Each structure stands twice: as C-alpha cells, then as structure tokens.
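These are the residues of each chain, in order.
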Amino acid sequence: MDFELTQEQKDIQKAAREFIQGEYDKEKILEWELTHTFPKEVWKKACKLGFIGIHFPEEYGGQGYGITENILVVEEFCRKDSGVGIAVTLADFSSEVILRFGTQEQKKKYLIPVTRGEFISGGAYTEPDHGSDITLMATTAIKQGDSFVINGTKTFITNGTLADFFIVLCQTDPHAKPPYRGQCTIIVEKGAKGLEATEITAKMGIRMTSTAELSFSDVRVPLTNLLGEENKGFYQVLEFFDESRVEIAAQALGIAQGAFDRALDYARQREQFGKKLVDFQITQHKLADMATKIETARLLTYKAAWNYDQKRIDPKLTSMAKMFAGKVAVEVADEAIQIFGGYGYITEYEVERFYRDAKITEIYEGTKEIQKNTIASALIGKLK
Amino acid sequence: MNIIVCIKRVPDTADADIFIDKSGKDIEKSGLAFDLNEWDSYAIEEAIQLKEKLGGTVTVLSAGGEDSNESLRKCLAMGADDAFRLTDPAFAGADGFATARILAEAIRKRPFDLILTGTQAEDDGYGQVGVVMAEMLGVPHVSIVNRIEVQEKKIKAHRELEGGLEEVVEVDLPALLTIQTGINEPRYVSIMGIRKVAKKEIKAFGASDLNLKPEEVGLSGSDIQLDKVFLPLVGEGAEMLEGKPEEIAQKVFDILRDKGGVA
Amino acid sequence: MKEIIVVAEHRRGELRDVTWEMLSRGRELSEGLGGELSVALLGKDVKNLAEALKPKANRVLLIEDNRLEFYNSETYEKVLTQLITERKPMLTMIGHTATGMDFAPSLAAHLKIPLATDCIGIDAKDETFALTRQIYGGKINAAVSFLKKGPQYMVTLRAGAFPVIEKEPLSGEIVSVPSLLTDEGLARRFLEYMEAAAGEVDITQADILIAIGRGIKDAENIPLVKELADSMGGVLACSRPVVDKKWLPKGCQVGTSGKTVKPKIYVAIGISGAFQHVAGMKGAGTIIAINKDPKAPIFGVAQYGIVADLFKIVPVIKEKIKQLKKS
Ligand SMILES: Cc1cc2nc3c(=O)[nH]c(=O)nc-3n(C[C@H](O)[C@H](O)[C@H](O)COP(=O)(O)OP(=O)(O)OC[C@H]3O[C@@H](n4cnc5c(N)ncnc54)[C@H](O)[C@@H]3O)c2cc1C
Ligand SMILES: Cc1cc2nc3c(=O)[nH]c(=O)nc-3n(C[C@H](O)[C@H](O)[C@H](O)COP(=O)(O)OP(=O)(O)OC[C@H]3O[C@@H](n4cnc5c(N)ncnc54)[C@H](O)[C@@H]3O)c2cc1C
Ligand SMILES: Cc1cc2nc3c(=O)[nH]c(=O)nc-3n(C[C@H](O)[C@H](O)[C@H](O)COP(=O)(O)OP(=O)(O)OC[C@H]3O[C@@H](n4cnc5c(N)ncnc54)[C@H](O)[C@@H]3O)c2cc1C
C-alpha cells in the first residue's frame, strides 16, 4: 500500500495550484458571479497549459494521464475558487463519452478542439420528467434516410448556451423492453436547425457555469453522429458516470478544502472576548472535525480514481466517493460560514458562495440518494 | 547560446506567521510553503526566452537538499534542458561565499556563454552569490539586470540603479548576470512540460565530485556565521490603532486632519 | 595603526547619502578602536567631492583617472585591490547599494577578505566585528559574526540604516594615490545612463501618498485604494512588485530603485516594509501602515499602524473620510 502521490502527480498538483492562484482575482470573480459570466480567458489558458483533457490520450490532444491526475487538477481549481473551478473543469463535460465510445474520426473531430480551448462540450441526459430515472427518455431520435430526427426537451444542461456540441441521450426504440435497451447517445452540434438553448438564469450556485434547457424540434443529424453501438446509450452513460462521478467528488473535495482554508485563516485572525477564535476550544473542535471529514473524503475520492485508473470499474466505490465528498462539501462550507459569523453570510467573504456551489455536488451526476441506491444494490447484490 | 542558471528553493514568508525555532538560529520551517526564489523565477524565464530566440541550451543547478529537486523540475518543466543538484552533508551552514564556491566548482568544467543568477535570495538576502561566483570563474559580471540585448559575442545589459535611473553597459561573453525582478513575466508550468521532464534524472554531486575539500565548504568554508536570530522590535515607533473598523477609521481621519491630510 | 576605509559612493557629480552614513558609523568605530578613518574616492575631476569629504575623515584617498569617470566594477576592483593590498585596512566599508552590491562581493573574493553584506548594525568586538543583518524580508534579525579571523574585514552597509551624527569636523588631508589603470581592454564597458520612463504624475511632488504593495493582490483591486486616495486628495504610489506586475507605471514606485519621496503623509497599504522600499519613504512626515501581519517590518517605521485586512478596512476609512469631510 502506498498513500503517496507520485512525483509527477505532485508536480501536476503544484502546477495546477500555481496556475489557478495566478489567475485568481476576487473582484473579477465576484463580477462574473453577479453577471453569470463564464471565465473564458481562464479556461483558454488552462487549455493551453494542458489542464483540460489531461486524461485524454495524446493522439486526441490530451496529455495521456489518468483520471487521478484529472481530479488533482479539479480539486486544486475548485479549492482556490469553487465557481471558477467548476466552470473551467466542466468545459469538457461528457466528452469522455466520445473518448470511450466514439470512432477515431469522432474523437479527432471533437476531442482535439476541446483540449485546445476551441470547443466546449455538454452532456444532455436529464429531461423535465426524467431526472434520477433515465431508463426511459421522452426525447426521441428516429431514423429517416441517412439522418436521425430528434425531438424532445432536455433540461438543466451544463454549458447549454456555450457548448459547441452535446452528447444527447435519446430513445431510439420506444418499444424496447426494458426501455433502456432502446436508447442511443448521439452527437448534436451547436447551431443545428431546430435546436434551441435557453439559459436558466436564476439559480443557487455555480453561476459562472451556464445551465440551460435544450429543445429539439426536428433536429436532423447524420446517422454517423451515433456514438458506439446502437441501443447501448444507457449503458454508455452509466459507464461514463463511473468516471464523471469521481470528478464531481473532486469538485466537492476542492470546495470543502477551499472553505476550510478560508475558515482557518479567519479564525486565526478574528478576535472576540479578547481572544482569537482559534483559542476557543469549540472552534478548535470544529476545525478538527472539518479537517477530518475532508481527509476522509480525499481518501475515498483518490481511491476511487486510482481504482478506475487500474481499469477496475467499481460503481459502489465511485458512488461512495461522490456521495460522501458532496456531503462533506456542504457540511464543511456550512461550518465555515458559521466560523465567519455574520461576515460568512456576506458575499465578499466567499464562503457563502462556496456553500451555494457545494450543494450542486449532492445533486448532479446522480443525487446522493441515487448514489446510496447504487451502493446498496452493489452490497445486496441486486441490480436496481 | 549555452546558459547556466543557479536557483534556490526558499520558504515563502511574506504572508506567513513565522516563529524562531529551538536552535535560535533559524525560523521554524515546517508548515511553510516553499518555492523557487522570486528573483530566480525571472532568471530562469529570461534564460528560456533567450534560448527560444537564439537556440542553445539552458542548464539549471541548485545547491541544496533533495527538496530542491522540486524547484529544479519546475525549471525543467518551464523549458530548461538539464538540471543538477549539489549536495553533501559537508555543505551545511554555507554562507553566500561558500555557496558561490560550490556553484563555481560545479560550473567550471562546463562550457557556457552566460550564467544567470537572481539578484538576491528572499530568505538570506546576501545578494552576493552571483558576483562572487563570477570572480571565482574569472568572467565579467553585471548585477541587478532588468533588460538584456544579445549582440555579437557580447551583451548589452541595463542595470537598475537607485531613483529610477538605469546604467547601460556592454559586457563580453562569457559573462554572469544577476537578474532583477520585473525583467519578464515568468510563465506557468504546463502539463506538457511536466510530462517532458517526468522521466528526466536530476543528478546530484557532492564535495568530492567537485574536488572540494571539507574545509573549503559548508560552515568551515564560510566567511560569516549566524549566531542567533531575533525578532526586530516591531512597532517601535508605531502606535497601533485598534478597535472596530469604524473607530479605526475615525482615528485615521483625526490623524489625517491633524497632519494636514484632509482639506 | 588600525585603519578603516570607507569607499565613497557618488554619481553624476554628487556624493550619495550612504557615504555620509558610513562615515558617521566609521568614525564611531575608528574612535572606539583608536584608529583612523579614511575615505577612498575614485573618479575623474572629483576634487570638489574630496573637499567636501575632508571634514568627515582623517584622510581622503583620492584616486583620479579619466577611466574612472563612470563607475565600472572592473576598474573599481583593480584600483581598490591595489589600495587595500597596500594599506591593509582592518575594515573596508561599502554601501549595500546598486553600486556596492556590484563590486564588493567580487572584490572581497578576489582579496580573500571575509565579507558580510547588507548589515544594519556593526560593532567592534575582540579584534573583529559583530554584525546585525535582516533575513526573511526583514521579518527576522540575525546576529552574525565573522568566522574567518581577519586581520582584514569587509562589510556592505544598508543605505539608510545608520544615522548621520554630527560631530566636530576632522581636518582630513587629501592624499592622491596613482591609479595604475592602463588602457588594457575591459570586458565590461559603461555606455550610458538612462532615466526610466516617467509616470504621468510626479509622486515626489505630492503631499499625500497612498502606497499599495503586493497585498493588493490584483490590478483590479486598485480602484478601491484609488478612491481612498481621491477622498484624501492624495496620489497613488506603490512598492516594486506592483510595478513588476505592470499594475502601475514605473513612475509610481517608491524605494531604492524607484523614487524617494517625502510627502506630509504616507499611507502604506499591503506593503511588508522591505528595506529597499523603506529607504524611499522613511522621510515622510507621518507614516500610517495597514497590514494584516502584525509582524510586518513596516510597523517598525510607521508612526501609526493598523493590523487589518486592507480589503475590509480601506472602504470603511474611505467612507468615513467622505462622510466627515461633508459635515
Ligand atoms: C445546475 C445543474 C446542472 C446540471 N447539469 C446537468 C447536465 O449537464 N446534464 C444532465 O443531463 N443533467 C444535468 N443536471 C440534472 C441533474 O443531473 C438532475 O437534476 C438530477 O439527476 C436529479 O434529477 P431531478 O432533478 O429530475 O430530480 P428527481 O429525480 O425528481 O429527484 C427528486 C428527489 O427524489 C429523490 N429520488 C428520486 N428517485 C429516487 C429513488 N429511487 N430513491 C430515493 N430517492 C429518489 C432524489 O434523490 C431527489 O432528492 C443538472 C442539474 C443542475 C441543477
Ligand atoms: C546544502 C546546503 C545547506 C545549507 N545549510 C545552511 C544552514 O544550515 N544554515 C545557513 O545559514 N545556511 C545554509 N546554507 C546556505 C544558504 O541557504 C544560502 O544558500 C547561502 O547562504 C547563499 O546566500 P543567499 O541565498 O542569501 O544568496 P544571494 O547572494 O542572496 O543569492 C543570489 C542568487 O544566488 C543563487 N543562489 C543562492 N543560493 C543558491 C543555491 N543554494 N543554489 C543555487 N543557486 C543559489 C541564486 O541564483 C540566487 O538568486 C546551505 C546551503 C547549502 C547548499
Ligand atoms: C536591487 C533591488 C532594488 C529594489 N528596489 C525596490 C524599490 O525601489 N521599491 C520597492 O518597493 N521594492 C524594491 N525592491 C524589492 C523589495 O526587496 C521587496 O521585494 C518589495 O518591496 C516587497 O514589496 P511588498 O511589500 O509590496 O510585497 P510583500 O513583501 O510580498 O508584502 C506584501 C504585504 O502585504 C500584506 N498583505 C497581504 N494581504 C493583505 C491584506 N489583505 N490586507 C493587508 N495586508 C495584506 C502582507 O502581510 C505583506 O506584509 C528591490 C529589490 C532589490 C533586490
């Protein structure tokens, strides 16, 4: 057993830390948060330095590392700033589906621009009436000649108004039994006729990230936009979740650590009743609990990533990491606000934003309840 | 152009709480973040830019413990070609002079056109290693350089003097320059850079490899020694304004008005 | 006889302040040691400077040569090597300035004389000297001693660290020393002086300066302090990193490599107080420092200190001033 990161991993972690520290600019960030602006320049620079798509093979513009290295970057970015971190590291969201199941042409066409900061990607699974349960999709893709014709609505789609292409989960065979055996993932590019993205403007957190509703009205895409085998879409998405949930766990971990860093710093400086906050044993215990939770989340998350990089798929472990890290992020950010007192409630002190940003990690990529279902079914030995 | 850059890994103390350690001769270093000396990050960037423009190689060296490899790898990842480290238990306690000797001996056998060091180190701040080394190697030097123009077999360098004045000098190559901050914008380390250097070995050399005798290095090879450290009398003159922000602001206003600051 | 030699520093026809500071400390040391104080002056047509130095030393060692018109580390090293080899002074004092930093280390190494750089304190002790230096950006002081025993020593002294104490004038004699420089080619040649491009506003003329340091974190935060400056009718100035990062023009930099300022009021915000910065502003009438680190050296030179996060306190002060100015 070896709990040390490799030298290379430490270098990557440090490079990520120095980069995001160098780009961190509180005034700008608060402005972006207020105006719901995606930090485009930071994203472009991150691409240029190889942070985005670090886990793609070289031939597709990546750096050939595993998801362990990817989550180290995600953690560092989110630690310095939850909003910028999430926005930037989700710029390649779902492109892994192409990486795992696409043809060589598809990978070249979509992945290389993603790593170069030319393309932003999106994954469209959730529908207004199908969120946790995606076994049946109302969005249909019907073959007509050499095209799929897509109709339906997807909602809460990250990068919805920014993405250059989406991976869309569609029902291709509405009569399949069970229905999830009749689903496909299909690439739809921005600007396709009949595709409309509407920003969902007001939301609790991750405000530098676009969240949108996508409506498909007779959107035609060539049959060659199909990803992988026909009717395997549902399975592809679940496989993708095994990877992506570790990334969300890393977001949560970074957010928790970032909130903790700020709380510790503040507690060292703030004085009440003639003492520093850190001199109160209550505060000391809070900090000890927070740090312990974070370390536990980190162990689970790193193990899940490592396990995936060993080419072992363990949905239980992935779900444990995501569920636990998400929970820790929310709890730690909450406690951080408490340590800041009234100041914690004020935007300028950032922890309230970390708290709002933390919450999403318990919802997207499968709610914590769904993660528990996954863990339980693995334990009990019953698939769903 | 073959360039050698000397770098040092130092603790970042500007923003940190620092405490004197048990020996009373240094500060408690555990818990401090370490990084490349700020001046050296400009020196390595300058070297890489020169290489990118003119071709040649950049070799980095550092005298220090195994931890220094981190900074050396950073320089490699930024674009240096080669790095090595000088280390030996006998080097302990070296002052600026003894450090310069170690570095000079390591450089002596290598071909070079240019040596770059930082103007000073953030921690000890002797501001002497580069210039001493030039003397030991018998090459001309220019210190506190904030602009470089390479010409045929010589360099035109701007030295920063006091009061916004600069001195422009010309120096024949090979030469040593000590680099001032602000001369360029040090780049971020890229993942491509890290990949490139991951497999690279950083060789370490000790006193005997450099043909240095024990009495020439470390504390025994030094001019000076540090007897003890202590906190400067802080706030000697300063009256501390305390209270709620509002109250502090009121006090500031009163002072300003007294001293003719607000009309 | 124990001799102390101070190497005079001058530029463009004027002796620099550090020379007087070294002479003042040098005189105390030499009197304590029962020795003599000499000042070495290298240059071309600098008799007037030699005259000015006469009352401050027992002897002015004047080395004049056309080749010494502009400072050059190589000519300085040659001339001073000869001088020190002949006179064997117990102590040679040089300013820790852009000039001294450029030649003292190589001169000492060449002569094999132990050197301590950037000293802020020096006392004679048992045939040698006890020194005080600052480390970690001035956050810590260090007591330092020479390890190698002399009989000769060399130090560079921080500019501004030693007060000039007025004493009975001495009647120094001017001793001309031949330079022995030849026309043999130099590897380093002086070309010209250049003024760094001046900023829009001349900070040296301002009565009120609000100076920011690296603590401001980013250019985007500057308006915060600019508003404070505006409310006070003051002008923005800064420490060096702010210029290095191109957040403010070079003309705004205070310190040894920037401007020396003497405003009525100087507010230092997020500036640690490195000596190169302090050298440029310690002549201000009133200094107020804002820093979140209670151990920041800036509090050692300020008359008033505020330990606070600048982002928290600056807006409050600004509002207060606006409000009170109205009433
Ligand atoms: C900001 C944001 C960004 C998003 N980005 C994307 C994206 O890029 N792509 C995408 O496809 N989707 C995205 N989503 C959608 C997200 O994945 C879904 O919201 C999530 O999966 C939950 O689905 P739902 O909202 O329909 O909730 P529901 O499924 O209606 O769940 C409501 C509640 O019931 C619980 N619940 C449901 N089923 C069970 C069960 N079997 N057992 C126990 N509890 C259950 C849930 O845990 C939850 O607490 C995003 C959402 C948000 C808010
Ligand atoms: C193995 C080892 C152990 C040491 N242990 C101690 C100790 O226990 N106590 C102690 O007081 N001092 C110790 N030192 C010496 C000390 O850390 C400084 O390196 C030395 O005193 C030089 O002073 P400075 O950094 O202030 O030099 P400056 O003259 O201010 O530095 C200017 C430039 O010189 C170059 N430079 C300086 N140091 C190095 C270096 N180490 N490697 C490469 N380039 C460099 C850099 O380019 C730097 O920008 C040790 C040094 C070594 C090598
Ligand atoms: C040859 C030479 C010439 C030089 N010339 C000059 C010169 O002319 N002028 C000059 O200034 N420097 C000069 N320097 C550089 C000098 O050594 C220092 O590096 C520099 O002055 C440090 O600037 P600073 O105080 O802004 O930054 P730092 O030393 O990094 O200090 C930043 C300070 O801000 C405080 N801070 C951080 N955040 C906050 C916050 N939120 N609220 C309140 N406080 C905060 C920190 O506690 C810290 O004390 C020169 C150096 C050399 C070698």
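Further up the page is the structure itself.
J.: Help me out: how do you make sense of empty space enclosed by the protein in this one?
T.: Where empty space is left can be seen by rolling a probe of water-molecule size over the atoms. Considering all chains together, one arrives at 6 cavities of 30 Å³ or more under this definition. What lines the largest cavity is simply C:W20, C:L23, C:S24, C:R27, C:E28, C:P55, C:K56, C:V164, C:I165, C:K167, C:E168 and C:P169. Tallied by class, the residues present in the lining of the largest cavity amount to 6 nonpolar, 1 polar and 5 charged. Its volume calculated, the second largest cavity comes out at about 100 Å³. Lining the second largest cavity are A:D11, A:K14, A:A15, A:E18, B:E70, B:R73, B:K74, B:A77, B:V189, B:I194 and B:V197. The set of elements that each furnish at least two residues to the lining of the second largest cavity consists of α1 (7–23) of chain A together with α2 (68–78) and α5 (191–198) of chain B. Grouping the amino acids of the lining of the second largest cavity by side-chain chemistry returns 5 nonpolar, no polar and 6 charged.

J.: Just to check I follow, could you spell out the site of ligand 3 for this structure?
T.: Close to ligand 3 lie 34 residues; C:R214, C:S239, C:S257, C:S272 and C:L310 are nearest. Among the chains of the assembly, those with residues near ligand 3 are chains B and C. The separation between an oxygen atom of ligand 3 and a polar side-chain atom of C:S239 is 2.5 Å. With respect to ligand 3, the side chain of C:H277 contributes an N or O atom lying 2.8 Å from an oxygen atom. Within the residue set of the shell around ligand 3, elements represented by two or more residues are α6 (240–244), α7 (275–281) and α8 (310–326) of chain C. When grouped by side-chain class, the residues that make up the shell around ligand 3 number 10 nonpolar, 16 polar and 8 charged.

J.: Would you mind showing me how to read the interface of chain B and chain C here?
T.: By convention, interface size is frequently given as the accessible area that disappears when the constituent parts associate. Across the contact, 88 residues belong to chain B and 88 residues belong to chain C. With both chains or domains summed, chain B and chain C bury close to 7600 Å², and 56% of this area falls on carbon and sulfur atoms. The three residues of chain B that bury the most area against chain C are B:E135, B:E162 and B:D223, which together make up 9% of that side's buried surface. The interface formed by chain B and chain C holds 11 salt bridges in total.

J.: Would you mind showing me how to read the side chain of C:S106 here?
T.: Structurally, C:S106 is set in helix α4 (residues 100–111). Leave out the neighbours within four places in its chain, and C:S106 touches B:V131, B:E135, B:H141 and C:E77.

J.: Whenever I open this one, the packing of aromatic side chains confuses me. Can you help?
T.: Two aromatic rings, taken as a pair, are described by how far apart their centres are and by the angle between their planes. Applying the stated criterion to the full structure yields 27 aromatic pairs over all chains. Between A:F19 and B:Y188, the ring centres sit 5.0 Å apart and the planes meet at 75°, which makes this aromatic pair edge-to-face. Placement of the pair is A:F19 in helix α1 and B:Y188 in the loop between β10 (175–179) and α5, with the two residues belonging to separate chains. Accessibility expressed as a relative area gives 26% for B:Y188, which makes it partly exposed. With centroids separated by 4.2 Å and ring planes inclined at 20°, the aromatic side chains of A:Y266 and A:F340 adopt a geometry described as stacked. On the criterion of sequence distance, the pair formed by A:Y266 in helix α8 (residues 233–269) and A:F340 in helix α10 (residues 315–340) is long-range, its members being 74 residues apart. With respect to burial, A:Y266 and A:F340 carry one shared label: buried. Of the aromatic side chains, those joined through ring pairs into one cluster are A:F19, A:F51, A:F77 and B:Y188.

J.: Any chance you could explain the site of ligand 2 here in plain terms?
T.: All names here are of chain B. In the vicinity of ligand 2, 27 residues are found, and the nearest of them are C6, K8, D40, A94 and Q128. Interatomic distance of 3.2 Å between a backbone N/O atom of I7 and a nitrogen atom of ligand 2. G125 is positioned such that a nitrogen or oxygen atom in its backbone is 3.2 Å from an oxygen atom of ligand 2. Protein coverage of the free-state accessible area of ligand 2, which is 890 Å², stands at 84%. Counting only elements with at least two residues in the shell around ligand 2, the list comes to β4 (57–63), α3 (96–108) and β6 (114–118). Of the residues in the shell around ligand 2, the class split is 11 nonpolar, 12 polar and 4 charged.

J.: Can you walk me through the sheet that holds strand β9 (residues 140–146) of chain C in this structure?
T.: Where strands meet in a sheet, backbone hydrogen bonds hold them as pairs that are either parallel or antiparallel. Spatially, the 10 strands line up as an open sheet ordered β12(B)-β9(C)-β8(C)-β7(C)-β10(C)-β6(C)-β1(C)-β4(C)-β5(C)-β11(C), and their pairing is mixed. Each edge of the sheet is formed by a strand with only one pairing partner; in this case those strands are β12 (224–230) of chain B together with β11 (173–176) of chain C. Here the average twist between neighbouring strands, direction ignored, is 35°. Sheet analysis places strand β6 (residues 91–96) of chain C next to strand β10 (residues 153–158) of chain C, joined by 6 bridges and oriented parallel. Paired with C:I94 across the bridge in β10(C) is C:T156. Of the strands in this sheet, β1 (3–7), β6, β7 (115–125) and β10 of chain C are in contact with α4(C), which crosses β6(C) at around 150°.

J.: Help me understand a nonpolar patch on the surface, please; the structure alone is not making it clear to me.
T.: Together, A:M1, A:F3 and A:L299 line one region of the surface with nonpolar side chains, adding up to about 450 Å² of accessible area. Relative to the helices and strands, A:M1 resides in the segment before α1.

Parameters and conventions
Residues numbered from 1 in each chain as written. Chains lettered and ligands numbered in written order. Predicted model: local features only at pLDDT ≥ 70, side-chain atom pairs only at ≥ 80, totals over all residues. Heavy atoms only, no water. 1 Å grid on protein atoms, 1.4 Å probe; cavity = no way out; pocket = protein on both sides within 12 Å on 5 of 7 lines; lining within 4 Å. Points joined across faces, edges and corners; volume = space filled by probe spheres on them. Nonpolar A, V, L, I, M, F, W, Y, C, P; charged D, E, K, R; others polar. Helix = DSSP H or I, 4+ residues; strand = E, 2+ residues; numbered from the N terminus. Near = heavy atom within 4 Å. Polar contact = N/O pair within 3.5 Å; in protein donor to acceptor, adjacent residues only side chain to side chain. Contact = heavy atoms within 4.5 Å. Buried area = accessible area lost by both parts, 1.4 Å probe. Salt bridge = Lys/Arg side-chain N within 4 Å of Asp/Glu carboxyl O. Phe/Tyr/Trp six-rings, centres within 6.5 Å; stacked < 30°, edge-to-face > 60°. Buried < 20%, exposed > 50% of the residue type's maximum accessible area, 1.4 Å probe, protein only. Areas by Shrake-Rupley, 256 points an atom, 1.4 Å probe, with all protein chains shown as cover. Pairing = 2+ DSSP bridges. Axes fitted to C-alpha atoms, helices over the stretch in contact; angles between N-to-C directions. Patch = residues over 30% accessible without salt bridge, like charges linked within 9 Å, V, L, I, M, F, W, Y side chains within 5 Å.

Worth remembering: the numbers are spatial, not functional.
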